[in-house]
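Close look at the chain arrangement
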Amino acid sequence: MSSVGPVPMPVVLILIFLLLAMAIARFWSRAEPGQARPPAAGMVLDMLLVGLLCGRLSFVAAHFSLYREAPWSALQIADGGYHLPVVIGAGFTWALWRLRRHRALRAPVLAGALAGLLLWGGASQGLAYWQAKQMPLPTLQVVDLQGRVIDLQQFHGRPLVLNLWASWCGPCRREMPVLATAQQEHADIQFVFLNQGETLAEVQTFLAAEHLSLGNVLLDESSAASTSLDVRAFPSTLFFDAQGRLQELHLGELTQAGLEHKLRRLR
């Protein structure tokens, strides 16, 4: 499974274990009648928000060269790009400071957050392992713009970026120039643009109108790739290693900074 509806599974896991951590903190810290103190569950949520903010700022600062030409892309948090140690450290540091006057809340808040963090880590590793095993580069025959039959397995052997898109999809159209530039700049990585559900005429009209020069534009009129890979939203960009194992799945539009970060990890 790659998503729940349009929501990527990594986000679903974060939400599940955040709610679990908040529940642990809340029920452990039930206050006596008349006792006023901050809600423990709210503190757990604040830990996550503070951690994500600091982790994002740390990542942007460390990779500022990726954001220099388009600073606004730093706000596009769906791109990914967080320093996990900073997220964790900042969240727990903030909690310790916030709890300095609330001794009774220390154990519930910190234990709830730690439980959620450990369970999220285990589930995330399990999801990555499952996707690598159960979502390999599919054995699928599609056609190129000249009508020749192409088997996706011919791209096995080198890192591959597989973009599932459609011309009616606004985010697909916006990210195409970013992907086109990356294809030209990264000769060691293969890029495949696999159109879903459209005809040759529709794809050619789109490419001509957008003045796009792309290699490996392929047609999958039956959207068999989306079915095989359990993808329900466009654009979806899948990053496979040289052995055809899925390393990452990104749902939604990619910015230049987000794409460059993922390509560095793919090598």
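Note that the structure is predicted; figures quoted are calculated from it, not measured.

Rules of the game
- Residues numbered from 1 in each chain as written.
- Predicted model: local features only at pLDDT ≥ 70, side-chain atom pairs only at ≥ 80, totals over all residues.
- Heavy atoms only, no water.
- Phe/Tyr/Trp six-rings, centres within 6.5 Å; stacked < 30°, edge-to-face > 60°.
- Buried < 20%, exposed > 50% of the residue type's maximum accessible area, 1.4 Å probe, protein only.
- Helix = DSSP H or I, 4+ residues; strand = E, 2+ residues; numbered from the N terminus.
- Lys NZ or Arg CZ within 6 Å of the ring centre and 35° of its normal.
- Pairing = 2+ DSSP bridges.
- Axes fitted to C-alpha atoms, helices over the stretch in contact; angles between N-to-C directions.
- Disulfide = S-S within 2.5 Å.
- Patch = residues over 30% accessible without salt bridge, like charges linked within 9 Å, V, L, I, M, F, W, Y side chains within 5 Å.
- Areas by Shrake-Rupley, 256 points an atom, 1.4 Å probe, with all protein chains shown as cover.
- Salt bridge = Lys/Arg side-chain N within 4 Å of Asp/Glu carboxyl O.
- UniProt positions renumbered as here; feature names shortened; annotations may be inferred.
- Expected span 1.5 Å × (residues − 1).
- Arc of directions from axis to C-beta.
- Contact = heavy atoms within 4.5 Å.

1. Let's talk about the packing of aromatic side chains
- A complete count under the given rule lists three aromatic pairs for this structure.
- Measuring from centroid to centroid gives 6.4 Å for Phe-59 and Tyr-67, while their planes differ by 85°, and the two rings are edge-to-face. An identical accessibility class is assigned to Phe-59 and Tyr-67; each is buried.
- Here the aromatic rings of Trp-165 and Phe-206 are separated by 5.2 Å at their centres, their planes lie at 40°, and the arrangement is tilted. In this pair, Trp-165 is assigned in strand β5 (residues 160-165) and Phe-206 in helix α7 (residues 200-210), connecting sequence segments 41 residues apart.
- Take Trp-165: its relative accessible area is 0%, and that puts it in the buried class.
- Of note, Arg-26 hangs over the ring of Phe-27, and the distance from its end group to the ring centre comes to 5.7 Å.
- The cationic tip of Arg-56 hangs over the ring face of Tyr-82; the distance from NZ or CZ to the ring centre is 5.7 Å.

2. A short note on the sheet that holds β5
- Pairing is mixed across the open sheet formed by seven strands, whose spatial order is β4-β3-β7-β6-β5-β8-β9. Of all the strands in the sheet, just β4 (149-151) and β9 (246-251) have a single pairing partner and so form its edges. Averaged over all neighbouring strand pairs, the angle between strand axes comes to 30°, with direction disregarded.
- One ladder, built from four bridges, connects strand β6 (residues 190-196) with strand β7 (residues 217-220); its direction is parallel.

3. A look at the state of the cysteines
- Scanning the entire structure with this criterion turns up one disulfide.
- The partner cysteine of Cys-169 in its disulfide is Cys-172, sulfur to sulfur 2.5 Å. One quick way to see it: the torsion about the S-S bond of Cys-169 and Cys-172 is about 80°, and its sign makes the bridge right-handed. Each member of the pair, Cys-169 together with Cys-172, is buried.

4. Points about a nonpolar patch on the surface
- Together, Val-4, Val-7, Val-11 and Leu-15 line one region of the surface with nonpolar side chains, adding up to about 290 Å² of accessible area.
- Here Val-4 is to be found in strand β1 (residues 3-4).

5. Description of the pattern of salt bridges
- Enumeration according to the criterion identifies seven salt bridges in this entry.
- The residue Arg-265 makes a salt bridge to Glu-248 at a minimum N-O spacing of 3.7 Å. Residue Arg-265 is found in helix α9 (residues 256-266), and its partner Glu-248 is found in strand β9; the two are separated by 17 residues along the sequence.

6. Some remarks on the UniProt feature "transmembrane region" (unreviewed entry) in the protein
- Mapped onto this numbering, the UniProt entry annotates "transmembrane region" (unreviewed entry) at residues 6-28, 40-60, 80-97 and 109-130.
- Helix makes up 100% of residues 40-60 and strand 0%, whereas the separation of the span's terminal C-alpha atoms amounts to 31 Å.
- End C-alpha to end C-alpha, residues 109-130 measures 31 Å, and it is 100% helix and 0% strand.

7. Description of helix α4 (residues 84-98)
- Here α4 is 15 residues long and its end C-alpha atoms lie 21 Å apart, about the 21 Å a rise of 1.5 Å per residue gives.
- Those residues of α4 lying buried are Val-87, Ala-90, Gly-91, Trp-94 and Ala-95. Buried residues of α4 fall within an arc of 130° about the axis and therefore sit on the same side. Facing away from the buried side of α4, by more than 90 degrees, are the exposed residues Pro-85, Thr-93, Leu-96 and Trp-97.
- Residues of α4 that are buried in the fold lie against α2 (40-62) and α5 (103-134).

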